[in-house]
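Each chain is listed here by its residues.
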Amino acid sequence: GAVVSQHPSRVICKSGTSVKIECRSLDFQATTMFWYRQFPKQSLMLMATSNEGSKATYEQGVEKDKFLINHASLTLSTLTVTSAHPEDSSFYICSAREGAGVNTEAFFGQGTRLTVV
Amino acid sequence: QKEVEQNSGPLSVPEGAIASLNCTYSDRGSQSFFWYRQYSGKSPELIMSIYSNGDKEDGRFTAQLNKASQYVSLLIRDSQPSDSATYLCAVRAGGSYIPTFGRGTSLIVHP
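Residues numbered from 1 in each chain as written. Chains lettered and ligands numbered in written order. Predicted model: local features only at pLDDT ≥ 70, side-chain atom pairs only at ≥ 80, totals over all residues. Heavy atoms only, no water.

Undergrad: Describe the overall build of chain A, and please don't skip the residues or the numbers.
TA: Within chain A one finds zero helices and eleven strands. In chain A, the order of α-helices and β-strands from amino to carboxyl end is β-β-β-β-β-β-β-β-β-β-β. For chain A, the C-alpha radius of gyration of 13 Å lies close to 13 Å, the compact-globule estimate for 117 residues. The buried share among the 117 residues of chain A stands at 50%. Sequence-distant contacts, at least 24 apart, represent 54% of the contacts inside chain A between residues at least 6 apart. (Helix = DSSP H or I, 4+ residues; strand = E, 2+ residues; numbered from the N terminus. Rg over C-alpha atoms; globule rule 2.2 N^0.38 Å. Buried < 20%, exposed > 50% of the residue type's maximum accessible area, 1.4 Å probe, protein only. Contact = heavy atoms within 4.5 Å.)

Undergrad: Which residues make up the overall build of chain B, and what are the values?
TA: Of the regular secondary structure elements, chain B holds zero helices and eleven strands. When the helices and strands of chain B are read in sequence order from the N terminus, they spell out β-β-β-β-β-β-β-β-β-β-β. Compactness check: chain B gives a C-alpha radius of gyration of 13 Å against a globular reference of 13 Å for 111 residues, within 12% of the reference. By its C-alpha atoms, chain B is 45 × 30 × 20 Å across when sized along the principal axes. In chain B, which comprises 111 residues, the proportion classed as buried is 46%. Counting contacts in chain B only where the partners sit at least 6 residues apart, residues at least 24 apart contribute 54% of the total. Carbon and sulfur atoms provide 46% of the accessible area of chain B, an area that totals close to 5,200 Å². Charge-centre separation for chain B: the mean point of 10 positive side chains lies 6 Å from the mean point of 10 negative side chains. (Areas by Shrake-Rupley, 256 points an atom, 1.4 Å probe, with all protein chains shown as cover. Lys, Arg positive; Asp, Glu negative; His and termini not counted. Charge placed at Lys NZ, Arg CZ, Asp CG, Glu CD.)

Undergrad: A description of the sheet that holds strand β7 (residues 61-66) of chain B should follow, citing residues and the corresponding values.
TA: Taken together, the five strands give an open sheet; going across it, the order is β1-β3-β8-β7-β6 (chain B), and neighbouring strands pair in antiparallel fashion. The sheet is open, and its two borders are formed by β1 (4-5) and β6 (54-58) of chain B, each paired with just one other strand. (Pairing = 2+ DSSP bridges.)

Undergrad: Give a description of the interface of chain A and chain B that names residues and reports values.
TA: Listed per partner, the contact involves 24 residues of chain A and 20 residues of chain B. Carbon and sulfur atoms make up 55% of the surface buried where chain A meets chain B, a total of about 1,700 Å² over both sides. One can count five residue pairs in polar contact (both at pLDDT 80 or more) joining chain A with chain B. With four residues, strand β4 (residues 30-38) of chain A is the largest single contributor of residues to the side of chain A that touches chain B. Among the residues forming the side of chain A that touches chain B, the class breakdown is ten nonpolar, eleven polar and three charged. (Buried area = accessible area lost by both parts, 1.4 Å probe. Polar contact = N/O pair within 3.5 Å; in protein donor to acceptor, adjacent residues only side chain to side chain. Nonpolar A, V, L, I, M, F, W, Y, C, P; charged D, E, K, R; others polar.)

Undergrad: Which residues make up the side chain of arginine 37 of chain B, and what are the values?
TA: All names here are of chain B. Position of arginine 37 among the secondary structure elements: in strand β4 (residues 30-38). Only 3.5 Å separates the side chain of arginine 37 from the side chain of tyrosine 39, close enough to count as a polar contact. The residues contacting arginine 37, other than those within four sequence positions of it, are Ser43, Pro44, Glu45, Ile47, Phe61, Asp83, Ala85, Thr86 and Tyr87.

Undergrad: Which residues make up the state of the cysteines, and what are the values?
TA: By the definition in use, this model includes two disulfides over all chains. The disulfide bridge from cysteine 23 of chain A ends at cysteine 94 of chain A, spanning 2.0 Å between sulfur atoms. The sign of the S-S torsion, about 75°, decides the handedness of the disulfide formed by cysteine 23 of chain A and cysteine 94 of chain A: right-handed. With cysteine 23 of chain A in strand β3 (residues 19-25) and cysteine 94 of chain A in strand β9 (residues 90-98), this pair connects stretches of sequence that are 71 residues apart. Taking the relative accessible area as the measure of exposure, cysteine 94 of chain A reaches 0% and is therefore buried. With a sulfur-sulfur separation of 2.1 Å, cysteine 23 of chain B is cross-linked through a disulfide to cysteine 89 of chain B. One disulfide, between cysteine 23 of chain B and cysteine 89 of chain B, carries an S-S torsion of -70° and so falls in the left-handed class. Linking cysteine 23 of chain B in strand β3 (residues 19-25) with cysteine 89 of chain B in strand β9 (residues 85-93), this pair joins segments that are 66 residues apart in sequence. By the burial criterion, cysteine 23 of chain B is buried, and cysteine 89 of chain B matches it. (Disulfide = S-S within 2.5 Å.)

That is the geometry; function is a separate question.
This is the structure we're talking about:
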């Protein structure tokens, strides 16, 4: 399958600081990228969907001013957690969809484990 | 409200047996179906995709789709302890690019 690279894999930051997470599709152009959050032993929660060159669409309850998403190119999307707090500690995972047709697949990055202290 | 239902498990099978994982979905307009495997502490990994009724086989994995009954299943033959993971079912409706995930079924393959 296609490769999606997410960086960093693990980050610890102080409360009140911002953290940027990068998601890159390495061998394909991602028309759509998704950002998920997953708490321990819970299911994936979709945070937002982004298409290259346009503003991200956020799911209900997700603060767009706190979770800034930029999809500047067909191979790169970034998620910035601004003014992070301990409750933002979670596993953040990006997913990139290859192509735009019906029979297209989405591949996940390795995930970023964020710990806010 | 699009729903994807999976039994949370755990489903426990002995090594070498066939593991059968099931998923039902509510949206009749769904056209794309996916199975992901997620090991503890890791991100999901795509195992199978299926788009038409019937069976699709890939190695030890077989995905089965029945749109009339609105279910999709994953069979794992000759189960190995390394197959122990959570299996996520994802469904995408026609005209939508956003998949809906089930909560996952935990599979334990014991030696």
